[in-house]
Amino acid sequence: MKLILTCEHGGNTVPIQLAHIFKNNSAVLETHSAFDLGALDLFNALKPLSETSFYSKQSRLLIELNRSLHHPKLFSTYSKALSKVEQRDLIKTYTLYRNSVETCIKKLIDAHERVIHISVHSFTPILNSVERNCDIGLLFDSRISQEKAVCKRLKQQLSQENSLLKIRYNYPYLGKSDGFITYLRKQFPDHYIGIELEINQKYSDNNIMTTSIKTAVFNALQSLDLN
């Protein structure tokens, strides 16, 4: 089984030619609206386990890599104001990223390998004044037995690493909602396992995940026997 690691929301970078759309609210680029705090740091800690890895540091406020092209929130309220030409350029970066991941997975499956794809994300501790009762979320399609089995094993191993961690399935989002992994499941109905890993941002300090979380997730993934 080969691990493909991705991080779609790794940074808040904005090309200088597009910076003008944030001139009245540059502070938003430091928030969860712009990127997943701590996600890229965790991604980098897990990279040694992966066959191949892909990440983006471009802010999702430009274009949302984890949504389909037809999704109403593909462009944010900021990037919807861009010209059609500028939006087409953003779609090119979107397509390049997603095609690179898809091509890599196809090559592995064509070589008769089984692929597990972990997409690394983080979530805000509080939403709409309500505290989210979770430390780590494992998002998958409950209709797919292999994904369910892998998440069960990951949860067991994470609990062994730290029994105090609150680990939940399909929380704070549903694993079968519109997203990159949902798309890839349709392209590769066999030999592909897609899981979104969601970490509570309370474990991120200055965009760095705590060592305990990185160690727990690393060891849990390593237990899957990825050789």
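Worth saying up front: this structure is predicted, and the values here are computed from it rather than measured.

Each value, and the rule that gives it
Residues numbered from 1 in each chain as written. Predicted model: local features only at pLDDT ≥ 70, side-chain atom pairs only at ≥ 80, totals over all residues. Heavy atoms only, no water. Helix = DSSP H or I, 4+ residues; strand = E, 2+ residues; numbered from the N terminus. Rg over C-alpha atoms; globule rule 2.2 N^0.38 Å. Buried < 20%, exposed > 50% of the residue type's maximum accessible area, 1.4 Å probe, protein only. Contact = heavy atoms within 4.5 Å. Areas by Shrake-Rupley, 256 points an atom, 1.4 Å probe, with all protein chains shown as cover. Lys, Arg positive; Asp, Glu negative; His and termini not counted. Charge placed at Lys NZ, Arg CZ, Asp CG, Glu CD. Axes fitted to C-alpha atoms, helices over the stretch in contact; angles between N-to-C directions. Parallel < 35°, antiparallel > 145°, perpendicular 65-115°, else oblique. Left-handed = near helix turned anticlockwise from the far one by under 90°. Nonpolar A, V, L, I, M, F, W, Y, C, P; charged D, E, K, R; others polar. Core = buried A, V, L, I, M, F, W, Y, C linked by side-chain atoms within 4.5 Å. Salt bridge = Lys/Arg side-chain N within 4 Å of Asp/Glu carboxyl O. Pairing = 2+ DSSP bridges. Right-handed = clockwise from strand over helix to strand, strands pointing away. 1 Å grid on protein atoms, 1.4 Å probe; cavity = no way out; pocket = protein on both sides within 12 Å on 5 of 7 lines; lining within 4 Å. Points joined across faces, edges and corners; volume = space filled by probe spheres on them. Phe/Tyr/Trp six-rings, centres within 6.5 Å; stacked < 30°, edge-to-face > 60°. Lys NZ or Arg CZ within 6 Å of the ring centre and 35° of its normal.

Draft legend 1. View of the overall build of the protein chain. Along the protein chain, the regular secondary structure elements total five helices and ten strands. Here the C-alpha atoms of the protein chain give a radius of gyration of 17 Å, agreeing with the 17 Å that 2.2 N^0.38 yields for 227 residues. Referenced to the eigenvectors of the C-alpha coordinate spread, the extents of the protein chain come out at roughly 50 × 40 × 30 Å. The buried share of the protein chain, reckoned over its 227 residues, is 51%. Here the contacts in the protein chain between residues at least 6 apart in sequence split such that 80% fall between residues at least 24 apart. Of the roughly 11400 Å² of accessible surface on the protein chain, 51% is carried by carbon and sulfur atoms. Counting 28 positive and 22 negative side-chain charges, the protein chain places the centres of these two groups 4 Å from one another.

Draft legend 2. Main features of the packing of helix H1 (residues 39-46) against helix H5 (residues 211-222). The interhelical angle for the contact between H1 and H5, taken along N-to-C directions, is 45°, at an axis separation of 10 Å. In terms of axis orientation, H1 runs oblique to H5. Handedness of the H1/H5 crossing: right-handed. Of H5, the residues touching H1 (which contributes Asp41, Leu42, Ala45 and Leu46) are Lys214, Val217, Phe218 and Leu221. The residue makeup of the contact of H1 with H5, split by class, is six nonpolar, no polar and two charged.

Draft legend 3. Geometry of the nonpolar core. Core analysis: the biggest nonpolar cluster contains 34 residues, and Ile116, Ile118, Ile136, Leu197 and Val217 have the highest contact counts within it. Excluding anything up to four places from it in sequence, Ile136 contacts Leu158, Leu165, Lys166, Ile167, Arg168, Leu197, Glu198, Ile199, Ile213 and Val217. Residues Ala34, Phe75, Val101 and Ile105 belong to the second largest nonpolar core, which totals 32 residues.

Draft legend 4. Here's a closer look at the pattern of salt bridges. Under the definition given, this model contains eight salt bridges. Put simply, Asp89 and Lys92 hold a salt bridge, and the shortest N to O gap is 3.9 Å. Remark: Lys92 and Asp89 occur in helix H2 (residues 84-110); sequence separation between them is three residues, near one turn of the helix. For the salt bridge of Asp141 with Arg143, the shortest nitrogen-to-oxygen distance reads 2.8 Å.

Draft legend 5. View of the pairing of strand S2 (residues 52-55). Here strand S1 (residues 2-7) pairs with S2 via four bridges, running parallel. Note on S2: the bridge partner recorded for Thr6 is Phe54. Traced from S1 through H1 to S2, the parallel crossover comes out right-handed.

Draft legend 6. Expanded view of the layout of surface pockets. Considered as a void within the structure, the largest pocket measures approximately 780 Å³ in volume. Lining the largest pocket are 30 residues, with His9, Arg60, Glu64, Arg67 and Lys73 positioned closest to its centre. Every element with two or more residues in the lining of the largest pocket is listed here: strand S3 (115-123) and strand S8 (192-200). By residue class, the composition of the lining of the largest pocket is eight nonpolar, twelve polar and ten charged.

Draft legend 7. Quick peek at the packing of aromatic side chains. On inspection of all chains with the given rule, the structure shows five aromatic pairs. When the ring of Phe188 is compared with that of Tyr192, the centres are 6.2 Å apart and the planes differ by 45°; the resulting orientation is tilted. As far as the burial class goes, Phe188 and Tyr192 line up, both buried. Sitting over the ring of Tyr183, Arg98 keeps its end group 5.2 Å from the ring centre. Positioned above the aromatic ring of Tyr169 is the side chain of Lys155, whose terminal nitrogen or guanidinium carbon lies 4.7 Å from the ring centre.

Draft legend 8. Layout of the side chain of Arg132. Relative to the helices and strands, Arg132 is located in the loop between strand S5 (130-131) and strand S6 (136-139). It turns out Arg132 is buried and unbridged, and the closest side chain with the opposite charge, Glu198, is 7.0 Å from it. Setting aside its immediate chain neighbours within four residues, Arg132 contacts Phe123, Thr124, Pro125, Leu127, Tyr171, Pro172, Tyr173 and Asn200.

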